[in-house]
Amino acid sequence: MIDVHFWTTPNGYKILLALEEAGAAYRIVPVNISEGRQFEPDFLRISPNGRMPAIVDHAPADGGEPVPVFESGAILIYLAEKLGGLMPDDRRSRKTTLEWLMWQMGGLGPMLGQNHHFSHYAPERIPYAIERYVKETSRLYGVLDERLADRPFIVGDAYGIADMAAYP
Ligand SMILES: N[C@@H](CCC(=O)N[C@@H](CS)C(=O)NCC(=O)O)C(=O)O
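In this text, all values refer to a predicted model and were calculated from it rather than measured experimentally.

Asks: So what's going on with the UniProt feature "domain: GST N-terminal" (unreviewed entry) in the chain? Residues and values would help.
Replies: The residues that UniProt annotates with the feature "domain: GST N-terminal" (unreviewed entry) are residues 1–87. This span, residues 1–87, is 36% helix and 21% strand, and a straight line between its end C-alpha atoms measures 21 Å.

Asks: Just give me the short version of the site of the ligand, but keep the residues and values in it.
Replies: Taken together, Thr9, Asn11, Ile33, Gln38, Phe39, Arg51, Met52, Pro53, Glu71, Ser72 and Met105 make up all the residues around the ligand. Contacts to the ligand include methionine 52, whose backbone N or O atom sits 2.8 Å from a nitrogen atom. Contact distances for the ligand include 2.6 Å between an oxygen atom and a side-chain N or O atom of serine 72. Burial of the ligand by the protein chains amounts to 74% of its free accessible area of 510 Å². Taking a 2 Å distance to the grid points as the criterion, the majority of the atoms of the ligand fall inside the largest pocket. Split into classes, the residues belonging to the shell around the ligand amount to 5 nonpolar, 4 polar and 2 charged.

Asks: Describe in detail the packing of helix α3 (residues 72–83) against helix α4 (residues 91–121), supporting the description with residues and values.
Replies: Look at α3 against α4: their axes get within 10 Å of each other, and the N-to-C directions meet at 155 degrees. In terms of axis orientation, α3 runs roughly antiparallel to α4. The hand of the α3/α4 crossing is right-handed. Within the contact between the two elements, α3 uses Ser72, Gly73, Leu76, Ile77 and Glu81 and α4 uses Arg94, Leu98, Leu101, Met102 and Met105. When the residues that make up the contact of α3 with α4 are grouped by side-chain class, the tally is 6 nonpolar, 2 polar and 2 charged.

Asks: Describe in detail the layout of surface pockets, supporting the description with residues and values.
Replies: In this structure, the largest pocket encloses a volume near 1,100 Å³. Taken together, 32 residues form the lining of the largest pocket, with Thr9, Pro10, Asn11, Gly109 and Gly113 sitting closest to its centre. Secondary structure elements with two or more residues in the lining of the largest pocket: α1 (10–22), α4, α5 (127–147) and α6 (161–166). The greatest single-element share of the lining of the largest pocket, amounting to 11 residues, is contributed by α4.

Asks: So what's going on with the pattern of salt bridges? Residues and values would help.
Replies: The tally for this structure, following the rule as stated, stands at 9 salt bridges. Between lysine 82 and aspartate 57 there is a salt bridge, with its nearest N and O atoms 2.9 Å apart. Taken together, the residues span a long stretch of sequence, with lysine 82 in helix α3 and aspartate 57 in strand β3 (residues 54–57) at a distance of 25 residues. Judged by its relative accessible area of 0%, aspartate 57 is buried. The shortest N-O distance in the salt bridge between aspartate 150 and arginine 151 comes to 3.6 Å. Note on arginine 151: relative accessible area 28%, which makes it partly exposed. Ionic contacts of the salt-bridge type, sharing partners, join the residues Glu35, Arg37 and Glu40 into one network.

Asks: Report on the nonpolar core, specifying residues and quantitative values.
Replies: Of all hydrophobic cores here, the largest spans 21 residues; its most connected members are Val4, Ile15, Ile55, Leu79 and Ile161. Within the residue set of this core, elements represented by two or more residues are β1 (2–6), α1, α3 and α6. With 5 residues, the single largest contributor to this core is α3. Within the second largest apolar cluster, 10 residues are counted, among which are Trp103, Leu112, Leu144 and Ala162.

Asks: Residues and numbers for unusual backbone geometry, please.
Replies: Residue proline 53 is reached from methionine 52 by a cis peptide bond, and omega for that bond is 10 degrees. Secondary-structure assignment places proline 53 in the loop between α2 (41–46) and β3. A positive phi angle, close to 75 degrees, is found at glutamate 71, a residue other than glycine. As for its placement among the helices and strands, glutamate 71 is situated in the loop between β4 (67–70) and α3.

Definitions and limits used
- Residues numbered from 1 in each chain as written.
- Predicted model: local features only at pLDDT ≥ 70, side-chain atom pairs only at ≥ 80, totals over all residues.
- Heavy atoms only, no water.
- UniProt positions renumbered as here; feature names shortened; annotations may be inferred.
- Helix = DSSP H or I, 4+ residues; strand = E, 2+ residues; numbered from the N terminus.
- Near = heavy atom within 4 Å.
- Polar contact = N/O pair within 3.5 Å; in protein donor to acceptor, adjacent residues only side chain to side chain.
- Areas by Shrake-Rupley, 256 points an atom, 1.4 Å probe, with all protein chains shown as cover.
- 1 Å grid on protein atoms, 1.4 Å probe; cavity = no way out; pocket = protein on both sides within 12 Å on 5 of 7 lines; lining within 4 Å.
- Sits in = over half its atoms within 2 Å of the grid points.
- Nonpolar A, V, L, I, M, F, W, Y, C, P; charged D, E, K, R; others polar.
- Axes fitted to C-alpha atoms, helices over the stretch in contact; angles between N-to-C directions.
- Parallel < 35°, antiparallel > 145°, perpendicular 65-115°, else oblique.
- Left-handed = near helix turned anticlockwise from the far one by under 90°.
- Contact = heavy atoms within 4.5 Å.
- Points joined across faces, edges and corners; volume = space filled by probe spheres on them.
- Salt bridge = Lys/Arg side-chain N within 4 Å of Asp/Glu carboxyl O.
- Buried < 20%, exposed > 50% of the residue type's maximum accessible area, 1.4 Å probe, protein only.
- Core = buried A, V, L, I, M, F, W, Y, C linked by side-chain atoms within 4.5 Å.

Listed below in structure tokens is the structure:
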């Protein structure tokens, strides 16, 4: 059984997409981030950065102690390696999957996060920040559009963890 420490955010949904796609058994452990549950000591032992999602694999492949994993990209790779079928096996396609997963983790996710923050939640309106992140969001969407112009999925012809990271 895999515990998914989850709240209803794009990073959280990445993990549910992977588990559902693989048909894996999992249990949701809610982490209500608007109540600050991500800073509770029990959760910080699993996810030291105080952010969800995180998982705990209670049946790891080596039969040892439960395995905690934090950071959605690391969780997707862990699940792909454990469950199979979520990432291509050949080295070249695997390399491409990791490139696009890192692109999402380092670019698309954080930049859209900043965009939404400055456009919708910031206590004061800062035109420079709004313009910067709206422009960067637009550029990143352009990169993704270009990538998907002639293929159904980000890597090859199979739905995989790069798509699961980018979609939410
Ligand atoms: N790089 C992290 C980002 C996780 C993240 O930002 N999680 C947000 C929700 S989507 C969170 O826990 N926010 C709580 C807070 O900001 O205190 C990942 O991909 O797992």
